[in-house]
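Close look at the chain arrangement
Chain by chain, the residues:
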Amino acid sequence: QVQLVESGGGLVQPGGSLKLSCAASGSIFSINAMAWYRQAPGKERELVARISSGRNINDVNYTDSVKGRFTISRDNAKNTVYLQMNSLKPEDTAVYYCNALIQQNSVGILRNYWGQGTQVTVSS
């Protein structure tokens, strides 16, 4: 019933930039947190960045490898999270997945949702 749709992936040269977007739609009472994960071939999925969607909207976390290069942000009115990626490196190549912890109604429980993923390729 809840859908997360990512966009903005593509092919970029090293040093370039991309901005990913993820919009949540459907039955949503509240979104507690949104995050970006990525998974490269042969590797496990890793957390890239996470942002609180509650009261403390400036509560963000980044994995060490992207600090200073990536910025996560959100638009609560649109139930959307963004990932601005600058100074991209070949090792950033992966499928990037949007994740959200969502309560669908006032008496419902929190559930974890995933988008389908968007490919980011950094190569010359």
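The structure presented is a predicted model; accordingly, all values stated were derived computationally and were not measured.

1. Here's the deal with the overall build of the protein
- Along its length, the protein carries 0 helices and 11 strands.
- Overall, the protein shows an N-to-C arrangement of helices and strands of β-β-β-β-β-β-β-β-β-β-β.
- Principal axes of the C-alpha set define a box for the protein whose edges measure 50 × 25 × 25 Å.
- For the protein, the proportion of its 124 residues judged to be buried stands at 39%.
- If you take every contact in the protein between residues at least 6 apart in sequence, the share linking residues at least 24 apart comes to 53%.
- Taken as a whole, the protein presents about 6,700 Å² of accessible surface, with 45% of it coming from carbon and sulfur.
- The averaged location of the 8 negative side-chain charges in the protein is 5 Å from the averaged location of its 12 positive side-chain charges.

2. Focus on the packing of aromatic side chains
- Following the criterion strictly, the structure yields 1 aromatic pair and no others.
- Sitting above the plane of the Y97 ring, R45 keeps its charged end 3.7 Å from the centroid.
- Sitting over the face of the ring of W114, R45 holds its NZ or CZ atom 4.6 Å from the ring centroid.

3. Digging into unusual backbone geometry
- The backbone phi angle of N79 is positive, close to 50°, even though this residue is not glycine.
- Its location among the elements puts N79 in the loop between β7 (70-75) and β8 (80-85).
- Under the relative-accessibility criterion, N79 is labelled partly exposed at 25%.
- Backbone geometry places S87, a non-glycine residue, at a positive phi of 50°.
- The partly exposed category is assigned to S87, whose relative accessible area is 41%.

4. Digging into the side chain of T118
- Counting through the fold element by element, T118 comes out in strand β11 (residues 118-122).
- Here T118 falls in the buried class, since its relative accessible area comes to 11%.
- Beyond its immediate stretch of four places on either side in the chain, T118 contacts E6, G9, L20, A94, V95 and Y96.

5. Topic: the pattern of salt bridges
- Enumeration over the complete set of coordinates arrives at 4 salt bridges.
- R38 is the salt-bridge partner of E46, the closest N and O atoms lying 2.7 Å from each other.
- Owing to a relative accessible area of 31%, E46 belongs among the partly exposed residues under this scheme.
- By relative accessible area, R38 is classed as buried at 5%.

6. Considerations on the side chain of R74
- Tracing the backbone through its elements, the reader meets R74 in strand β7.
- Of the polar contacts made by the side chain of R74, one reaches the side chain of N76; its length is 3.0 Å.

7. Some remarks on the environment of G26
- On the secondary structure map, G26 appears in the loop between β3 (18-25) and β4 (30-39).
- Judged by its relative accessible area of 53%, G26 falls in the exposed class.
- Linking G26 and L4, residues 22 residues apart in sequence, is a C-alpha distance of 9.0 Å.

Reading the values: rules and limits
Residues numbered from 1 in each chain as written. Predicted model: local features only at pLDDT ≥ 70, side-chain atom pairs only at ≥ 80, totals over all residues. Heavy atoms only, no water. Helix = DSSP H or I, 4+ residues; strand = E, 2+ residues; numbered from the N terminus. Buried < 20%, exposed > 50% of the residue type's maximum accessible area, 1.4 Å probe, protein only. Contact = heavy atoms within 4.5 Å. Areas by Shrake-Rupley, 256 points an atom, 1.4 Å probe, with all protein chains shown as cover. Lys, Arg positive; Asp, Glu negative; His and termini not counted. Charge placed at Lys NZ, Arg CZ, Asp CG, Glu CD. Phe/Tyr/Trp six-rings, centres within 6.5 Å; stacked < 30°, edge-to-face > 60°. Lys NZ or Arg CZ within 6 Å of the ring centre and 35° of its normal. Salt bridge = Lys/Arg side-chain N within 4 Å of Asp/Glu carboxyl O. Polar contact = N/O pair within 3.5 Å; in protein donor to acceptor, adjacent residues only side chain to side chain.

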